[in-house]
Amino acid sequence: MDKQSLGQFGEEQAARYLRRRFYTILERNFRCRFGEIDLIARRAGVLVFVEVKLRRDDQHGEAREFVTARKQQRVMAAAQFWLSQHETELQPRFDVIEVYAPRGEDGPVKVNHIENAFQ
């Protein structure tokens, strides 16, 4: 499985996880000149911008550790742009969802949702 397919698999696992917890997925793979947002969702008065990180395991660090300060800035800039195009009263929040798939698509998947991961 190539890197792009693995990324899509991770994002699908994260989207399923959120839907099971009554989030509504508003957009996937939002891209603009400022950056990219993997998932944009809402639930209970909160608008959530989600960065998804897929790893086979945490042997070389937890997936969230790969959301660097630079990546956070790009996600926040993209979110500002998205908000300028979509008027909302919802409170924005930035989450990270870690997806661990030791055997890729062929095995069990562990999802860890970190709410308010950065500001």
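In the block above lies the structure referred to throughout.
Source: prediction; values computed, not measured.

A. Here's a closer look at the environment of Leu39. Checked against the element boundaries, Leu39 lands in strand β2 (residues 35–43). In this structure Leu39 comes out as buried when scored by relative accessible area, which is 0%. A C-alpha to C-alpha distance of 14 Å links Leu39 and Asn116, two positions 77 residues apart in sequence. Not counting chain neighbours up to four residues away, the residues in contact with Leu39 comprise Glu11, Ala14, Ala15, Leu18, Ile25, Glu27, Arg28, Val48, Phe49, Val50 and Val52.

B. Summary view of the side chain of Asp38. With respect to the helices and strands, Asp38 occurs in strand β2. Looking at Asp38, its side chain comes within polar contact range of the main-chain nitrogen of Val52, at 2.8 Å. In this structure, Asp38 is in contact with Glu11, Glu27, Arg28, Asn29, Val50, Glu51 and Val52, ignoring residues within four places of it in sequence.

C. Molecular detail of the packing of aromatic side chains. Summed over all chains, the structure comprises 5 aromatic pairs. For the ring pair Phe34 and Phe81, a centre distance of 5.8 Å and an interplane angle of 50° mean the geometry is tilted. Taken together, the residues span a long stretch of sequence, with Phe34 in the loop between β1 (24–32) and β2 and Phe81 in helix α2 (residues 69–85) at a distance of 47 residues. Judged by relative accessible area, which is 30%, Phe34 ranks as partly exposed. Centroid distance Phe94 to Phe118: 5.2 Å. Interplanar angle 20°. Geometry classified as stacked. Taken as a pair, Phe94 in strand β4 (residues 91–100) and Phe118 in strand β5 (residues 110–118) lie far apart in primary sequence, 24 residues in all. Take Phe94 and Phe118: they sit in the same class, and that class is buried. Clustering of aromatic rings is evident, with ring pairs tying together Phe49, Trp82, Phe94 and Phe118. Stacked on the ring of Phe66, the Lys or Arg Arg55 has its end atom at 4.2 Å from the ring centre.

D. Local environment of the environment of Ile114. Considering the arrangement of structural elements, one finds Ile114 in strand β5. Once the C-alpha coordinates of Ile114 and Arg93 are considered, the two residues, 21 residues apart in sequence, prove to be 11 Å apart. Once residues within four sequence positions are removed from consideration, Ile114 is found in contact with Arg64, Asp95, Val96 and Glu98.

E. Representation of the pattern of salt bridges. Counted under the stated rule, the structure contains 8 salt bridges. Between Arg16 and Glu12 there is a salt bridge, with its nearest N and O atoms 3.4 Å apart. Here Glu12 and Arg16 lie together in helix α1 (residues 3–20), a separation of 4 residues that amounts to about one turn. You can call Glu12 partly exposed: its relative accessible area is 22%. Of the charged contacts in the structure, one is a salt bridge between Glu12 and Arg19, with a shortest N-O distance of 3.1 Å. Judged by relative accessible area, Arg19 falls into the partly exposed class, the value being 40%. Several salt bridges converge on common partners, so that one network encompasses Glu12, Arg16, Arg19 and Arg28.

Thresholds, definitions, all that
Residues numbered from 1 in each chain as written. Predicted model: local features only at pLDDT ≥ 70, side-chain atom pairs only at ≥ 80, totals over all residues. Heavy atoms only, no water. Helix = DSSP H or I, 4+ residues; strand = E, 2+ residues; numbered from the N terminus. Buried < 20%, exposed > 50% of the residue type's maximum accessible area, 1.4 Å probe, protein only. Contact = heavy atoms within 4.5 Å. Polar contact = N/O pair within 3.5 Å; in protein donor to acceptor, adjacent residues only side chain to side chain. Phe/Tyr/Trp six-rings, centres within 6.5 Å; stacked < 30°, edge-to-face > 60°. Lys NZ or Arg CZ within 6 Å of the ring centre and 35° of its normal. Salt bridge = Lys/Arg side-chain N within 4 Å of Asp/Glu carboxyl O.

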